[in-house]
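Architecture at a glance
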Amino acid sequence: MGGGLSPFSVNWLVLRLHRRAVAAAATEFARGRLLDVGCGRRPLADELERPADRCIGIEVDRRRYADAPPDLWGSGLELPFRDRVFDTVFSSQVLEHVPEPGRMIGEMARVLRPAGHLIVTAPHMWGVHEEPEDYFRFTGYGLAWLARRAGLEPVLVRPLAGYWVTAGARLCHYLRQFEKVGLKPLLGPVYLLVQVVALALDRLHRVESDAWCFLLVARRPAE
């Protein structure tokens, strides 16, 4: 997802909700040595660094992030770490861009210490993006199943919003195409209006089966 945190930007609402959800999960479950898989430009660094002792970011896309290099270049499908070396593993909006998501969950589980936590967010209803590396969408049940398959115990699975936020976000992305014909100065207030109304309607009637994104927290069993 692109966009910024300005309320006049196309992704303001979903980024706001996402940041709050990650901050709450990190505060409750993150600790010790934390690995951020697919860290990009680390937009959630503040939320992750507060509860953790040390954060290490790994990223595979050298072309896209050459100007903001991570701590380590590498793939989530083959993490260059020994088993059981992190207390927390985090990955945000990456799993849909991986051709083998189960393998990536397995790798993140492998590097977790016993009693450590995996925190993941992944989209459920969202348009194709960063093509052609866009392969999957996930329900909360699917994320929990992948975690169990990797030997982890799901402790929290939650949608980040319901139908109305999803509808508002997708409408803003549809309207975004009209920026190309000189309407960009007019669209900011429209984005704000659509997203504020969507949030209000979502609070009135939240249909979580149509959530745009899910958050999973899973725990590696203690030994």
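Above: the structure in question.
Rules and cut-offs
Residues numbered from 1 in each chain as written. Predicted model: local features only at pLDDT ≥ 70, side-chain atom pairs only at ≥ 80, totals over all residues. Heavy atoms only, no water. Helix = DSSP H or I, 4+ residues; strand = E, 2+ residues; numbered from the N terminus. Buried < 20%, exposed > 50% of the residue type's maximum accessible area, 1.4 Å probe, protein only. Contact = heavy atoms within 4.5 Å. Expected span 1.5 Å × (residues − 1). Salt bridge = Lys/Arg side-chain N within 4 Å of Asp/Glu carboxyl O. Pairing = 2+ DSSP bridges. Right-handed = clockwise from strand over helix to strand, strands pointing away.

Position of Val165 relative to the elements: it lies in helix H5 (residues 163–175). Val165 gets classed as buried once you look at its relative accessible area, which sits at 1%. Residues Val165 and Gln195 lie 30 residues apart in sequence; the distance between their C-alpha atoms is 7.2 Å. Apart from the residues lying within four places of it in its own chain, the contact partners of Val165 are Leu13, Val14, Leu17, Ala198, Leu199, Asp202 and Trp212.

You can see His117 is positioned in strand S5 (residues 112–123). Not counting the four nearest positions on each side in its chain, His117 is found in contact with Phe29, Asp87, Thr88, Val89, Leu112, Val155, Val217, Ala218 and Arg219.

Taking 1.5 Å of rise per residue, 18 residues should cover 26 Å, and helix H1 (residues 12–29) covers 26 Å from first to last C-alpha, within 8% of that figure. Considered for burial, the residues of H1 that qualify are Trp12, Leu13, Val14, Leu15, Leu17, His18, Ala21, Val22, Ala25, Ala26 and Phe29.

This part covers the pattern of salt bridges. Scanning the model with the defined rule gives 13 salt bridges in all. Glu78 serves as the salt-bridge partner of Arg103, at 4.0 Å between the closest nitrogen and oxygen. A residue pair is termed long-range when its members are at least 10 positions apart, and Arg103 in helix H3 (residues 101–110) and Glu78 in the loop between strand S3 (72–73) and strand S4 (86–92) qualify at 25 residues. Overall, the relative accessible area of 57% leaves Glu78 in the exposed class. Arg110 is the salt-bridge partner of Glu107, the closest N and O atoms lying 2.9 Å from each other. Of this pair, Glu107 and Arg110 both sit in helix H3, three residues apart, which is roughly one turn of the helix.

Turning next to the pairing of S4. Counted residue by residue, S4 has seven buried out of seven residues, so it is predominantly covered. In the sheet, strand S1 (residues 33–37) pairs with S4 via three bridges, with the strands oriented parallel. Counterpart to Leu35 in the pairing with S4 is Val89. Where S4 meets S5, six bridges bridge the pair, whose relative direction is parallel. Across the sheet, the residue bridging to Ser91 is Val120, located in S5. Between S4 and its parallel partner S5, the chain crosses via H3, and the hand of that crossover is right-handed.

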